[in-house]
Amino acid sequence: MTTTTFYFNSLRNETLKLKHTFALWLTAICALLIPLLFFIVYMVKWEKLIPAEGINPWNKFANEQIMNSLPALVPLFIVLITSLIIQVEHKATAIKHLFALPIPKWSVYFGKLSIIIAAVFATYAMYYGLILLNGNVLGGMRPQLNFSEFSPEYVFHIKILFRSFVSVLGILAIQFWLSFRFKNFIIPLGIGMVLVIVGLIAARAPESIYFPYSYSMISMNPLDEKTSDLSLFWWFPTVSWYSLGYFLVFAIAGFFDIKRMNVK
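Rules used throughout
Residues numbered from 1 in each chain as written. Predicted model: local features only at pLDDT ≥ 70, side-chain atom pairs only at ≥ 80, totals over all residues. Heavy atoms only, no water. Patch = residues over 30% accessible without salt bridge, like charges linked within 9 Å, V, L, I, M, F, W, Y side chains within 5 Å. Areas by Shrake-Rupley, 256 points an atom, 1.4 Å probe, with all protein chains shown as cover. Salt bridge = Lys/Arg side-chain N within 4 Å of Asp/Glu carboxyl O. Helix = DSSP H or I, 4+ residues; strand = E, 2+ residues; numbered from the N terminus. Buried < 20%, exposed > 50% of the residue type's maximum accessible area, 1.4 Å probe, protein only. Contact = heavy atoms within 4.5 Å. pLDDT = per-residue confidence, 0-100. Phe/Tyr/Trp six-rings, centres within 6.5 Å; stacked < 30°, edge-to-face > 60°. Expected span 1.5 Å × (residues − 1).

**Q** Run through a nonpolar patch on the surface, naming residues and quoting values.
**A** Taken together, the side chains of L32, L36, I40 and V44 define a hydrophobic patch exposed on the protein surface, amounting to about 350 Å² of accessible area. Mapped onto the secondary structure, I40 falls in helix α2 (residues 22-44). I40 sits in the partly exposed class, given a relative accessible area of 43%.

Here it is as structure tokens:
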């Protein structure tokens, strides 16, 4: 079998296993939670949320959900889903059996890592899709909110979501390695929760640029208005490059560490 075949077989197997775990429900719940809360608030308090004439209601509705909720929601989701997916394997002692099979160990490790990345990406996509759906439903049910009179700032939203997604890849690789490294579910979960809280608190400090658990918050910082929409910095600010660096280092180092341990 070719290298590509091993990898895609691993992806298919991991996808099938994901269907039978709570991780799939967790992905949907995390995507649904904030948009549902905002929808309920707008339905109940719509009279107080009617925008002034000429003001795009999508700016407040969508931007608040994306820029105020994602920095804390996504890191916590990553800590939970990585711990959950790998813990299922630990409980069934399946990792030991997987690494004993006559298939490359890298295909098992990076296949699982790819599935978790895909789950996080799917959460972003569902999250934004629900924001747009809810806004359009509100526009139909409460015309006074003027959602149907304006269009969302799609490019701006996609930019922020993309920046946020790249910014969390570093902690995703760290949490994935920790979850593989420790059989006890509480250890990677506890470490991750503490570091996420520290990251959110420390995000305003200049030194936080070196702390990957702060990147989700830092990625929401507004850009210089003079920056071109097509410039590389527009999509990849400094924090994104740092996050990608952490991702590569911990993804590769984590694999060699697990391979050396032979996952007993």
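**Q** So what's going on with the environment of M126? Residues and values would help.
**A** Mapped onto the elements of the fold, M126 is located in helix α5 (residues 105-141). Residue class for M126 comes out partly exposed when judged on its relative accessible area of 34%. Separated by 95 residues in sequence, M126 and A31 place their C-alpha atoms 5.8 Å apart. Sequence-distant contacts of M126, that is, excluding residues within four places in its chain, are made with T27, A28 and A31.

**Q** Describe the pattern of salt bridges, with residues and values.
**A** All told, the structure shown has two salt bridges when counted by the stated rule. Among the ionic pairs, K60 bridges to E64, the shortest N-O distance being 3.0 Å. Taken together, the residues K60 and E64, both in helix α3 (residues 57-91) and four residues apart, mark about one turn of the helix. Relative accessible area serves as the criterion here: at 40%, K60 is assigned to the partly exposed category. By relative accessible area, E64 is classed as partly exposed at 27%. Here R181 ties to D257 by a salt bridge, and the two come within 2.7 Å at their closest N and O atoms. Highlighted residues: R181 in helix α7 (residues 169-181) and D257 in helix α11 (residues 238-261), separated in sequence by 76 residues.

**Q** Tell me about the confidence of the model for the protein, and please be specific about residues and values.
**A** Summarising the model, the protein shows a mean pLDDT of 84, and 85% of its residues fall at 70 or more. Below a pLDDT of 50 lies the segment residues 224-228, which in the model reaches three contacts outside its immediate sequence neighbourhood of four places, other chains included.

**Q** Now, about unusual backbone geometry: what can you tell me, with residues and values included?
**A** Its identity is not glycine, yet N146 carries a phi of approximately 65 degrees, on the positive side. Residue placement: N146 occurs in the loop between α5 and α6 (154-167). Its relative accessible area of 22% is what places N146 among the partly exposed residues.

**Q** Which residues make up the packing of aromatic side chains, and what are the values?
**A** The final tally for this structure, using the stated rule, is 22 aromatic pairs. Here the aromatic rings of Y109 and F110 are separated by 5.3 Å at their centres, their planes lie at 80 degrees, and the arrangement is edge-to-face. On the basis of relative accessible area, Y109 is assigned to the buried category, the value being 1%. The exposure class of F110 is partly exposed, given its relative accessible area of 23%. On the basis of an interplanar angle of 55 degrees and a centroid distance of 5.7 Å, the ring pair of Y109 and F255 is categorised as tilted. Of the two residues, Y109 is situated in helix α5 and F255 in helix α11; the sequence distance between them amounts to 146 residues.

**Q** Explain α7 residue by residue, including any values.
**A** A rise of 1.5 Å per residue sets the reference length of α7, with its 13 residues, at 18 Å; its end C-alpha atoms lie 18 Å apart and thus fit the reference within 8%. A large share of α7 lies buried, amounting to 11 of its 13 residues. L169, G170, I171, L172, A173, I174, Q175, F176, L178, S179 and F180 are the residues of α7 that are buried.

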